[in-house]
Amino acid sequence: MLGFVLVLGVLVTVHEFGHFWVARRCGVRVERFSIGFGRPLLSWRGRQDATEYVIAAIPLGGYVKMLGDEPTEGTDLPADAFNAQPLWRRCAIVLAGPLANLVLAVVAYWLMFMVGMSGLRPYVGQVEPDSPAAKAGVVAEDLISRIGDRDVRTWEEGGLALLREVVAGSLIKMELVSPDGSVRQVALDAPDASPDSPDLVRELGITPKRPTLEAVIGEVTTGLPADLAGLQPADRVIAADGEPVADWGGWVEVIHTHPEEPLSLTVARGGNELEIVVTPLAKASDGERIGFIGAAPRLDRQAQAQYWTVARYGPVESLQRACRKTWDVISLTLVLLGKMITGGASVESIGGPLAIAEFAGASVQAGFSQFLS
């Protein structure tokens, strides 16, 4: 809930401030600047203006109330009324809100690139036989360094670059670095998949290479099932419902397949074995209902250095990347909306307030860069 309020609060405040700032510059009197709807929780007036600033009870939007912003007929309006302004000023005031959010997107991405985004290095794990990747000559252990005209440092960057290429419907050009350090270029046929496919990498026949992690807990999120059940960092999960747990991946699979079902765990802690019951919560993922408990693995330092990286850039390059990424997201969004209208993409790609709340909450727990993203 905190993440949802933060995300929506920032978006709404910046949007309404855009209207407010331009209205004031155009000589329009602003009577009220409200964040939220309903009963005011807090209100005050500016020292040198008559504007009432309000924080209201329902944090699902906001508004700027300007003098004379309702259509009137046969009424003499004051010179500082909204509808007394020429058309170009009214247009500027109306457009200022969306443009302020556009600037916010660039600023957020700029900060994100400077702070750095951690991610899995784009090493190829397995290649499915007869897949587009196999036919193009991609092999296990290859490192993807470039897709199309974009450098790739993490699988997240690779996913967005792939999405651009699939939407374009052309050959997917990749630059690969072999284990011996040699660089080669390959071209893949675009997969026969919708651009809102949940896993375009898998559609190409590629499985990302991930380190094999022991089923040892490294971090527990306060208030979630793992914490409530009494699991602690350094606990090693030996078995779940009597079935041995080989590694962290197998343990995650057990959790995912048992949403809202009690699991009896055998846990090794300090030389002793404990029996702990945990009930995973349920969440939606790629159209399926999966379980989660709020626990992260203990990362081996060597594996972390080999498989994980932080994509971080200087202020100037970060700004360039921020502008480019903002344009990428805008253009891809418009393309997907168009494909939804023509039936080329699923309308399930659209998320409402509940989707915003879910993503916001997860990103707050993941860290500042993920929250900005």
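Residues numbered from 1 in each chain as written. Predicted model: local features only at pLDDT ≥ 70, side-chain atom pairs only at ≥ 80, totals over all residues. Heavy atoms only, no water.

1. With respect to the overall build of the protein
Reasoning step 1: Across its full length, the protein carries 11 helices and 18 strands.
Reasoning step 2: Taking all 373 residues of the protein together, the buried fraction comes to 35%.
Reasoning step 3: Pairs at least 24 residues apart make up 61% of the contacts formed inside the protein by residues separated by at least 6 positions.
Reasoning step 4: In the structure as shown, the protein presents an accessible area of about 21,000 Å², 58% of it carried by carbon and sulfur atoms. (Helix = DSSP H or I, 4+ residues; strand = E, 2+ residues; numbered from the N terminus. Buried < 20%, exposed > 50% of the residue type's maximum accessible area, 1.4 Å probe, protein only. Contact = heavy atoms within 4.5 Å. Areas by Shrake-Rupley, 256 points an atom, 1.4 Å probe, with all protein chains shown as cover.)

2. Section: the packing of aromatic side chains
Reasoning step 1: For the coordinates displayed, the defined rule picks out seven aromatic pairs.
Reasoning step 2: Aromatic side chains Phe-17 and Phe-20 sit 6.1 Å apart centroid to centroid with 40° between the ring planes, which places their arrangement in the tilted category. With Phe-17 and Phe-20 both in helix H1 (residues 2-25) and three residues apart, this pair spans about one turn of that helix.
Reasoning step 3: With centroids separated by 5.8 Å and ring planes inclined at 70°, the aromatic side chains of Phe-113 and Tyr-313 adopt a geometry described as edge-to-face. Here the residue Phe-113 occupies a position in helix H2 (residues 87-115), and Tyr-313 occupies one in the loop between strand S18 (308-311) and helix H9 (315-342), the gap between them amounting to 200 residues. (Phe/Tyr/Trp six-rings, centres within 6.5 Å; stacked < 30°, edge-to-face > 60°.)

3. Comments concerning the packing of H2 against H9
Reasoning step 1: Between H2 and H9, the shortest axis-to-axis distance is 8 Å and the interhelical angle comes to 130°. One finds that H2 runs oblique with respect to H9. In this structure, H2 crosses over H9, and the sense of that crossing is right-handed. Contacts from Leu-102, Ala-105, Val-106, Tyr-109, Trp-110, Phe-113 and Met-114 in H2 reach Pro-315, Ser-318, Leu-319, Arg-321, Ala-322, Cys-323, Lys-325, Thr-326, Val-329 and Ile-330 in H9.
Reasoning step 2: Looking at side-chain class alone, the contact of H2 with H9 contains 13 nonpolar, two polar and two charged residues. (Axes fitted to C-alpha atoms, helices over the stretch in contact; angles between N-to-C directions. Parallel < 35°, antiparallel > 145°, perpendicular 65-115°, else oblique. Left-handed = near helix turned anticlockwise from the far one by under 90°. Nonpolar A, V, L, I, M, F, W, Y, C, P; charged D, E, K, R; others polar.)

4. Here's the deal with the sheet that holds strand S6 (residues 150-151)
Reasoning step 1: Taken together, the four strands give an open sheet; going across it, the order is S6-S5-S7-S8, and neighbouring strands pair in antiparallel fashion. In this open sheet, the two edge strands, each paired with only one partner strand, are S6 and strand S8 (183-188).
Reasoning step 2: On the sheet, helix H4 (residues 155-168) packs against strand S5 (143-147), S6 and strand S7 (172-177) and is oriented at approximately 45° with respect to S5. (Pairing = 2+ DSSP bridges.)

5. Considering the side chain of Thr-51
Reasoning step 1: Topologically, Thr-51 is positioned in the loop between strand S1 (30-45) and strand S2 (52-66).
Reasoning step 2: Take Thr-51: its relative accessible area is 2%, and that puts it in the buried class.
Reasoning step 3: Of note is the side chain of Thr-51, whose polar atom sits 2.7 Å from the backbone oxygen of Val-30.
Reasoning step 4: Excluding its chain neighbours within four sequence positions, the residues that come into contact with Thr-51 are Phe-20, Arg-24, Val-30, Glu-31, Arg-32, Phe-33, Trp-44, Arg-45 and Gly-46. (Polar contact = N/O pair within 3.5 Å; in protein donor to acceptor, adjacent residues only side chain to side chain.)

6. Thoughts on the nonpolar core
Taken as a class, soluble globular proteins show a tendency for nonpolar side chains to be buried jointly.
Reasoning step 1: Counting 20 residues, the largest nonpolar core has Val-138, Ile-147, Ile-172, Met-174, Leu-188 and Ile-206 as the members making the most contacts within it.
Reasoning step 2: Of all the secondary-structure elements, those providing two or more residues to this core are S5, H4, S7 and S8.
Reasoning step 3: It is H4 that provides the largest number of residues to this core, a total of four residues.
Reasoning step 4: Apart from the residues within four sequence positions on either side, Leu-188 is in contact with Pro-132, Ala-133, Ala-136, Val-138, Leu-171, Ile-172, Met-174 and Leu-204.
Reasoning step 5: Listed in part, the 18 residues of the second largest apolar core include Leu-231, Val-245, Trp-248 and Trp-251. (Core = buried A, V, L, I, M, F, W, Y, C linked by side-chain atoms within 4.5 Å.)

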